[in-house]
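Per-entry structural report
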Number of protein chains: 2
Amino acid sequence: MAGTDKTNKINFAPSPAIILCEPQLGENIGTAARAMANFGLHDLRIVNPREGWPSEKAASAAAKADHVINKVQVFDTVEEAIADLNLVLATTARKRDMFKPVIGPDEAAVRLVNTIKGGAKAGLLFGRERWGLNNKEVALSEAIVTLPVEPAFASLNIAQAVLVLAYEWRRENAKNDPLPFDENVGEPATKGEIIGMFNHLENALDGAGFFTVDEKRPSMVTNIRNMLNRAGFNAQEVRTFRGVIAALERKHERGKK
Amino acid sequence: MAGTDKTNKINFAPSPAIILCEPQLGENIGTAARAMANFGLHDLRIVNPREGWPSEKAASAAAKADHVINKVQVFDTVEEAIADLNLVLATTARKRDMFKPVIGPDEAAVRLVNTIKGGAKAGLLFGRERWGLNNKEVALSEAIVTLPVEPAFASLNIAQAVLVLAYEWRRENAKNDPLPFDENVGEPATKGEIIGMFNHLENALDGAGFFTVDEKRPSMVTNIRNMLNRAGFNAQEVRTFRGVIAALERKHERGKK
């Protein structure tokens, strides 16, 4: 979905850190950075990337999320990467046999938003492409986050998991904000305009001999009014529809000649 | 996040159709199919794919989402692709100057779930990689769906948009279902066990001369009890913690000799 507004400045408001633990492929780091940028995250931390850092593959896959890539911090251990954070949630797709709460992305988003709105720092920890996080790493977190995937097809790549969690964070964080754009719903029609349109249509239908059985006219009129009311015409649309009626009426009258 | 349970059968329960309008790259079709499979969608329809169909690139990028790829239907026009559906939502990232409602993924999910639970069929329409949908295509839909992206970095690829909307559909559709796995939270501790642990700790601290000012003992005890209560120990963890106290006590007593 193309739609970047280049007149907007990147927003560096507080947001969760994303910590990628020993990512194997630079491309995955890049696509994760892009997913972060889409939803307003910018603090990317990498623990011991296998292909080293900086990474051309990451920069290329980030598709211009340079403000994320250029600020990446690299650490030797997860402990160092999360040292300044107050809340860490570990993402994992499998059971650990630990005494630990397991939450979905929506509950995770609430905890992240509340932590950050309270002035503290929060992060989401993601594991290796092949086998995720080990139990020692998971134990550094307050809770496990897992996605409500289809059990028979549960394998998400890292960037996709980052995308869903970044989306959920933004949805929760900006839940009372407007969407990026809205359409004009037009000047609302008054009931007078709507009723005028109904009368116009019904007169036209009378003229066209639509109501063949007099006793059925009231219920047919009610049905037609209900159908059209559901469309919620605005004032402009009422005028358009009256134009439609008038055009059909004229055609009908031409037909009669 | 690795975690596919191969003992589970693919679930073909009713779910929204995904309609990709004139996708340019087979790889994007494949990654969209994979995103669908992650969240239990399986009805993929393609309008006029530029690289033709079937596509090896799509099959490869789908990462084993064969049950989606093998069922793909190809159409010449959007009209044909959506002919059997009852509700169609069009995804777009930019304003159209149409009289049309614009909703977020969460509201879209509610409408999709309600339509499908009512026995009708619903779909999500996605546009071309470069420039999305044209206005004639958008006009076939009941509403526009847009993602709450960062305005300065709004460009999502198709598979990512599919992923977020598929996730939202599943979240809404399965909102009272359990997550794919849960951890054992252990046998809950009784208050008697918790209080026994508190007494054990406080006796040990008395023995160690921790409470140097008698008048402060009650408030310090209260603080420590509140701290530990927040951890919500289960019965096993109470025993573990009493072991910790006992070990430290012994060390302290050894130290005194």
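The text that follows walks through the structure, step by step, so that each part is easy to find. (Residues numbered from 1 in each chain as written. Chains lettered and ligands numbered in written order. Predicted model: local features only at pLDDT ≥ 70, side-chain atom pairs only at ≥ 80, totals over all residues. Heavy atoms only, no water.)

This brings us to the overall build of chain A. When helices and strands are tallied, chain A shows ten helices and seven strands. The C-alpha atoms of chain A give a radius of gyration of 29 Å, which is well past the 18 Å a tight globule of 257 residues would have. Referenced to the eigenvectors of the C-alpha coordinate spread, the extents of chain A come out at roughly 90 × 40 × 35 Å. Considering chain A as a whole, with its 257 residues, one finds that 49% of them fall into the buried category. If you take every contact in chain A between residues at least 6 apart in sequence, the share linking residues at least 24 apart comes to 82%. Taken as a whole, chain A presents about 12,700 Å² of accessible surface, with 52% of it coming from carbon and sulfur. Looking at charge distribution, chain A has the averaged site of its 33 positive side-chain charges lying 4 Å from that of its 32 negative ones. (Helix = DSSP H or I, 4+ residues; strand = E, 2+ residues; numbered from the N terminus. Rg over C-alpha atoms; globule rule 2.2 N^0.38 Å. Buried < 20%, exposed > 50% of the residue type's maximum accessible area, 1.4 Å probe, protein only. Contact = heavy atoms within 4.5 Å. Areas by Shrake-Rupley, 256 points an atom, 1.4 Å probe, with all protein chains shown as cover. Lys, Arg positive; Asp, Glu negative; His and termini not counted. Charge placed at Lys NZ, Arg CZ, Asp CG, Glu CD.)

What follows concerns the nonpolar core. Counting residues in hydrophobic clusters, the biggest one holds 89 residues, and the most contacted among them are Leu44(A) and Leu44(B). Ranked by residue count, the leading element in this core is helix α7 (residues 158-173) of chain A, at ten residues. Those residues in contact with Leu44(A) that sit more than four places away from it in its chain are Ile18(A), Leu20(A), Ile29(A), Ala33(A), Met36(A), Val68(A), Lys71(A), Val72(A) and Gln73(A). (Core = buried A, V, L, I, M, F, W, Y, C linked by side-chain atoms within 4.5 Å.)

With that out of the way, let us pick up the relation of the copies chain A and chain B. Of the transformation placing chain A onto chain B, the axial shift is 0.1 Å and the rotation is 180 degrees, giving an RMSD of 0.1 Å. Here the two chains are linked by the operation of a two-fold rotation axis. Considering only C-alpha atoms, the residue of chain A closest to the rotation axis is Val164(A), which sits at 3.1 Å. Comparing interface residues between copies, 100% of those in chain A also sit at the interface in chain B, which points to an isologous, same-surface contact. (Least-squares fit on C-alpha atoms with pLDDT ≥ 70 in both.)

All names here are of chain B. Position of Ile19 relative to the elements: it lies in strand β1 (residues 17-21). Overall, the relative accessible area of 0% leaves Ile19 in the buried class. Once you skip the residues sitting within four places of it in the chain, Ile19 turns out to touch Arg45, Val47, Ala81, Ile82, Leu85, Gly123, Leu124, Leu125 and Phe126.

Residues and elements named next belong to chain B. At a minimum axis distance of 8 Å, the contact between helix α1 (residues 26-38) and helix α7 (residues 158-173) shows a crossing angle of 15 degrees. The orientation of α1 with respect to α7, classified from their angle, is roughly parallel. Here the hand of the crossing between α1 and α7 comes out right-handed. Along its contact with α1, which presents Asn28, Thr31, Ala32, Ala35, Met36 and Asn38, the element α7 presents Ala159, Val162, Leu163 and Ala166. Here the contact of α1 with α7 is composed, by residue class, of seven nonpolar, three polar and no charged. (Axes fitted to C-alpha atoms, helices over the stretch in contact; angles between N-to-C directions. Parallel < 35°, antiparallel > 145°, perpendicular 65-115°, else oblique. Left-handed = near helix turned anticlockwise from the far one by under 90°. Nonpolar A, V, L, I, M, F, W, Y, C, P; charged D, E, K, R; others polar.)

Turning next to α7(B). Residue and element names in this part refer to chain B. For α7, which comprises 16 residues, the first-to-last C-alpha distance of 22 Å matches the rise-based estimate of 22 Å (1.5 Å per residue) to within 8%. In terms of burial, α7 is a largely internal element, 15 of the 16 residues being buried. For α7, the N-terminal cap is Asn157; the gap from its side-chain oxygen to the backbone nitrogen of Ala159 is 2.9 Å. (Expected span 1.5 Å × (residues − 1). Polar contact = N/O pair within 3.5 Å; in protein donor to acceptor, adjacent residues only side chain to side chain.)

Per the stated rule, a full pass over the model turns up seven aromatic pairs over all chains. Relative to Tyr167(B), the ring of Tyr167(A) has its centre 6.5 Å away and its plane inclined at 80 degrees; by these criteria the two rings are edge-to-face. On the criterion of chain membership, the pair formed by Tyr167(A) in helix α7 and Tyr167(B) in helix α7 is interchain, its members lying in two chains. The burial state of Tyr167(A) is the same as that of Tyr167(B); both residues are buried. Between Phe233(B) and Phe241(B), the ring centres sit 5.3 Å apart and the planes meet at 45 degrees, which makes this aromatic pair tilted. Relative accessible area serves as the criterion here: at 18%, Phe233(B) is assigned to the buried category. By relative accessible area, Phe241(B) is classed as partly exposed at 22%. (Phe/Tyr/Trp six-rings, centres within 6.5 Å; stacked < 30°, edge-to-face > 60°.)

Another aspect to go through is the interface of chain A and chain B. Tallying the contact residues gives 69 residues for chain A and 69 residues for chain B. Summing both sides of the interface, chain A and chain B together bury roughly 6,500 Å²; the carbon and sulfur share of this comes to 60%. In this structure, the connection of chain A to chain B is made through six salt bridges. Between Arg170(A) and Glu150(B) there is a salt bridge; the shortest N-O distance is 3.2 Å. Our count for the contact surface shared by chain A and chain B stands at 28 residue pairs in polar contact (both at pLDDT 80 or more). For the side of chain A that touches chain B, the secondary structure elements donating two or more residues are α1 (26-38), β5 (102-103), α5 (105-117), α7 and α10 (235-256) of chain A. For the side of chain A that touches chain B, the leading source of residues is α7(A), giving eight residues. (Buried area = accessible area lost by both parts, 1.4 Å probe. Salt bridge = Lys/Arg side-chain N within 4 Å of Asp/Glu carboxyl O.)

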